[in-house]
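Residue-level listing of the chains:
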Amino acid sequence: MKLTIDGLQVDNKTVFVRVDFNVPMKDGVITDDTRIRSALPTINYLIEKGAKVILASHFGRPKGERKPEMSLAPCAKHLSELINKPVAFVDDCIGHKVEEAVKALQPGDVLMLENLRYHNEETKNDPEFAKQLASLADVAINDAFGVSHRNAASVVGIADYIPMAAGFLLKKEIEALSAAVVHPKTPMAAIIGGAKVTDKISVISNLLPKVDVMIIGGGMANAFIKAQGCNIGSSLFEEGQEAIATDLVMEARVAGAKLLTPIDAVVADAFSNDANTKIVDVENIEDGWMVLDIGPKTRELYVEALAPMKTIIWNGPMGVFEMENFAAGTNAVAKAVAESDAMTIVGGGDSVAAIEKSGLADKISHISTGGGASLEFLEGKILPGIAALSEA
Ligand code: AMP
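Residues numbered from 1 in each chain as written. Predicted model: local features only at pLDDT ≥ 70, side-chain atom pairs only at ≥ 80, totals over all residues. Heavy atoms only, no water.

Naming follows an unreviewed UniProt entry, where the protein appears as Phosphoglycerate kinase of Veillonella dispar ATCC 17748. Among the UniProt annotations of the protein, the heading Subunit (unreviewed entry) holds the following wording: "Monomer." What UniProt states about the protein under its Pathway (unreviewed entry) heading is, verbatim, "Carbohydrate degradation; glycolysis; pyruvate from D-glyceraldehyde 3-phosphate: step 2/5." (UniProt positions renumbered as here; feature names shortened; annotations may be inferred.)

Here it is, written out as structure tokens:
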């Protein structure tokens with residue numbers, strides 16, 4: 001049994017809390033604060049218990065440089081409004097200044113550190129850096145499910161020096177996702193879309209033996225369309241992906257899973273909402289056109305396939321849903337998932353945004369705060385940030 005926050009003595013203790021405040025931001029303004037709000041149960045609990053709370057997070061990918069647009073200062077300010085109390089901010093995450101700020105904390109105070117990834121040592125899980133982070137506190141809490149699949153100093157290395165427990169958000173994620181891994185109700189479907197084809201191809205392969213139906217959409221689907229010998233025009237595609245797609249078709253046969261890929265598509269003559277568009281069967285995609293959404297026949301096929309499912313996992317949009325003209329596929333899947341009686345798990349920023357936009361988010365059994373992390377968990381992998389938690 002892993003240690004969880006409620007099993008930890010925290011009163012009067014200095015607690016290092018790894019949160020995931022990597023929120024969408026435009027011109028310094030937070031456009032969606034879900035991730036910050038998701039950490040509130042842990043933060044409020046610690047404040048009430050009289051802990052001295054240190055919050056640490058990454059933001060974007062500054063790759064070891066101090067990029068001002070990736071500062072966590074706006075998140076500290078926003079959190080202060082949400083909890084209705086001051087949140088101190090220090091412009092680094094290790095060093096003398098930080099130590100002084102920690103020393104000044106009184107029970108119930110909150111201090112937010114600057115972006116952990118301003119130091120490359122964070123993503124490299126550097127032991128010296130992890131030790132410096134650990135030296136700030138008595139105990140650590142991991143409440144950053146979204147990065148728990150990464151071998152980072154603040155989620156893994158730190159636990160070599162001080163005890164680390166799961167926060168309420170991490171605990172909730174583990175409980176909800178475990179239900180789908182340990183006792184999945186069948187039949188089970190996975191819907192995988194989006195643009196990070198190379199990343200997600202291994203996910204498809206690992207999920208195939210676990211699911212009855214695998215539904216493919218988004219940029220990912222182009223590799224499968226091409227593997228069938230169809231032209232894909234100027235659609236998103238990387239060399240070599242059709243060979244992988246061919247292998248996956250074979251793997252699906254061996255696993256006895258039904259693999260569904262688009263039969264028609266919304267194609268456009270430019271990557272723009274103002275582009276000319278038409279609907280074509282995948283056999284008829286012409287040069288100069290690109291696939292930006294699944295077509296109406298595919299939508300119907302996917303919605304029908306989902307109807308009898310008892311467990312549905314969804315990660316990644318079916319098309320370029322940010323542009324209205326290419327959002328129908330993603331919206332149809334969002335609606336089908338939300339209206340299903342199955343246990344439904346949605347992860348990945350874009351799929352979650354599509355569900356939120358549909359107004360049906362409360363119909364989803366579990367909306368995960370981690371895209372990549374939730375997929376790796378569902379694949380059955382042991383996430384390093386969970387493995388590193390202390391035993392209860
Ligand atoms: P991911 O981060 O892998 O979940 O990918 C999400 C992105 O995939 C979104 O920004 C979509 O616009 C994009 N996307 C979905 N379908 C396509 C497509 N057919 N072509 C290009 N990009 C796509």
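Trainee: Please give an account of the sheet that holds strand E14 (residues 290-294) that cites residues and values.
Mentor: Strands pair in a sheet through their backbones, by hydrogen bonds, and they do so in one of two ways: parallel or antiparallel. Spatially, the three strands line up as an open sheet ordered E13-E12-E14, and their pairing is antiparallel. Strands with a single pairing partner mark the edges of an open sheet, and in this sheet they are strand E13 (277-281) and E14. In this sheet, adjacent strand axes meet at a mean angle of 40° when their direction is disregarded. Across five bridges, strand E12 (residues 264-268) lies against E13 in antiparallel orientation. For Asp264, the partnering residue across the bridge sits in E13 and is Asp281. In the packing of helix H10 (residues 296-306) onto the sheet, contacts are made with E12, E13 and E14, and the angle to E14 comes to roughly 40°. (Pairing = 2+ DSSP bridges. Helix = DSSP H or I, 4+ residues; strand = E, 2+ residues; numbered from the N terminus. Axes fitted to C-alpha atoms, helices over the stretch in contact; angles between N-to-C directions. Contact = heavy atoms within 4.5 Å.)

Trainee: Tell me what's going on with the UniProt feature "binding site: (2R)-3-phosphoglycerate" (unreviewed entry) in the protein, and back it up with residues and numbers.
Mentor: Within the UniProt annotation, "binding site: (2R)-3-phosphoglycerate" (unreviewed entry) is assigned to Arg35, Arg117 and Arg150. Beyond its immediate sequence surroundings of up to four residues, Arg35 is in contact with Asp20, Phe21, Asn22, Val23 and Thr369. Residue position: Arg150 is located in the loop between strand E7 (139-142) and strand E8 (164-166). Residue contacts for Arg150: discarding those within four places in its chain leaves Arg61, Val155, Val156 and Pro384.

Trainee: Mind laying out the packing of aromatic side chains, listing which residues take part and the relevant values?
Mentor: For the coordinates displayed, the defined rule picks out one aromatic pair. An angle of 85° between the planes, with centres 5.1 Å apart, marks the rings of Tyr45 and Phe168 as edge-to-face. On the criterion of sequence distance, the pair formed by Tyr45 in helix H2 (residues 40-48) and Phe168 in helix H6 (residues 168-182) is long-range, its members being 123 residues apart. Given the relative accessible area of 18%, Tyr45 is considered buried. A cation over a ring is seen here: Lys278 above Trp289, with NZ or CZ 4.4 Å from the ring centre. (Phe/Tyr/Trp six-rings, centres within 6.5 Å; stacked < 30°, edge-to-face > 60°. Buried < 20%, exposed > 50% of the residue type's maximum accessible area, 1.4 Å probe, protein only. Lys NZ or Arg CZ within 6 Å of the ring centre and 35° of its normal.)

Trainee: Any details on the site of the ligand? Residues and values, ideally.
Mentor: Around the ligand, the surrounding shell holds 14 residues, and the nearest of these are Ala195, Lys196, Lys200, Glu322 and Asp350. At 2.4 Å from an oxygen atom of the ligand is found a side-chain nitrogen or oxygen belonging to Glu322. Protein coverage of the free-state accessible area of the ligand, which is 510 Å², stands at 85%. Residue composition of the shell around the ligand, by class: six nonpolar, four polar and four charged. (Near = heavy atom within 4 Å. Polar contact = N/O pair within 3.5 Å; in protein donor to acceptor, adjacent residues only side chain to side chain. Areas by Shrake-Rupley, 256 points an atom, 1.4 Å probe, with all protein chains shown as cover. Nonpolar A, V, L, I, M, F, W, Y, C, P; charged D, E, K, R; others polar.)

Trainee: Which residues make up the sheet that holds strand E11 (residues 258-260), and what values go with them?
Mentor: Overall, parallel pairing links the six strands, which are arranged E11-E10-E9-E15-E16-E17 in an open sheet. At either end of the open sheet lies a strand with only one pairing partner, and these are E11 and strand E17 (366-367). Pairing analysis gives two bridges linking strand E16 (residues 343-347) to E17, with the strands arranged parallel. Counted as the bridge partner of Ile345 is His366 from E17. The strands that helix H7 (residues 197-207) touches are strand E9 (188-192), strand E10 (213-216) and strand E15 (311-315); relative to E9, the one it contacts most, it runs at about 170°. Here H10 sits on the sheet and contacts E9, E10, E11 and E15; the angle it forms with E10, its principal contact strand, is near 155°.

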